[in-house]
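Given next are the chains, with one letter for each unit.
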Amino acid sequence: MLKIQTLRIARMLVLAFVACFALSGCITAKMYVDSALPTVAKNDITPASQPKPVQILFEFRTKGAANANATAQIRPRIVSVASESGLFSVTSATPTDGGVLTVTIDNVPLTDDAAAKGFCTGLTLGLVGSIVTDGYVCTATYTRDGKTTEASVKHAIYTTIGNHDGPKGLAPMEPQAAINLAVDQIAWNLLKQLADKHAFD
């Protein structure tokens, strides 16, 4: 019994030690946004001559389950891109002569045993780093006058923890900046696809 208690205490001390190093900044995390998605900006989309009102419905999911906190944090960026696009005028009410834009982003981790890798990095105080990949499966539908048009894209963010090189050719970013960039890229690509399919004509 004494041996079991000793092992538990030792394990707790190790975890506390690792946590202290992590909080002090010795173990750092950097994010890298995948470059596979085409670069799309406002100039790549022809604005509507007479923008119609649109209601935007957005949901962020984690492994298919709704994530209310992430939805609240990310929704403003989706709305901002939609407003900037010039394809329609954004409204919070249900439009009578416009449409409904529904956007979903589902975060699907692509790295096996991500938690175990992070734990091992912590035990070595960052000397043995790790890298994990988060995939994002994103869909959008635009419905107006009984017609629905669909679009979809996939994206990814890589995160290095401790002493580990990032993906070749990608610049390291602070976590929030990387997330903002990825969300903007997703939104612009989805809108471009819908526009190319004449969803807003």
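Up top is the structure these notes are about.
Residues numbered from 1 in each chain as written. Predicted model: local features only at pLDDT ≥ 70, side-chain atom pairs only at ≥ 80, totals over all residues. Heavy atoms only, no water.

Draft legend 1. Spatial organisation of the overall build of the protein. On a plain count of helices and strands, the protein comes out with four helices and seven strands. From first element to last, N terminus to C terminus, the protein shows the α and β order α-β-β-β-α-β-β-α-β-β-α. Burial analysis of the protein (201 residues in total) assigns 37% to the buried set. Contacts in the protein between residues far apart in sequence, at least 24 positions, make up 79% of those at least 6 positions apart. Carbon and sulfur atoms make up 57% of the accessible area of the protein, which amounts to about 11,800 Å² in all. (Helix = DSSP H or I, 4+ residues; strand = E, 2+ residues; numbered from the N terminus. Buried < 20%, exposed > 50% of the residue type's maximum accessible area, 1.4 Å probe, protein only. Contact = heavy atoms within 4.5 Å. Areas by Shrake-Rupley, 256 points an atom, 1.4 Å probe, with all protein chains shown as cover.)

Draft legend 2. Just helix 4 (residues 175-196), in detail. The terminal C-alpha atoms of helix 4, which comprises 22 residues, lie 32 Å apart, in line with the 32 Å expected from a rise of 1.5 Å per residue. Buried residues belonging to helix 4 abut strand 1 (29-33), helix 2 (68-85), strand 4 (88-91), strand 5 (99-109), strand 6 (130-144) and strand 7 (147-161). Following helix 4 by one or two positions, H198 adopts a phi angle in the positive range, close to 60°. (Expected span 1.5 Å × (residues − 1).)

Draft legend 3. Molecular detail of the layout of surface pockets. As a volume, the largest pocket reaches approximately 300 Å³. As for the largest pocket, its lining consists of 18 residues, and the residues nearest its centre are F60, I74, Y136, I179 and V183. Only helix 2, strand 5, strand 6, strand 7 and helix 4 provide two or more residues apiece to the lining of the largest pocket. Looking at side-chain class alone, the lining of the largest pocket contains eleven nonpolar, five polar and two charged residues. Taken together, 18 residues form the lining of the second largest pocket, with T46, A48, L87, F200 and D201 sitting closest to its centre. At the level of secondary structure, the elements contributing two or more residues to the lining of the second largest pocket comprise strand 6 and helix 4. With three residues, the single largest contributor to the lining of the second largest pocket is helix 4. Across the lining of the second largest pocket, the residue classes tally to eight nonpolar, four polar and six charged. (1 Å grid on protein atoms, 1.4 Å probe; cavity = no way out; pocket = protein on both sides within 12 Å on 5 of 7 lines; lining within 4 Å. Points joined across faces, edges and corners; volume = space filled by probe spheres on them. Nonpolar A, V, L, I, M, F, W, Y, C, P; charged D, E, K, R; others polar.)

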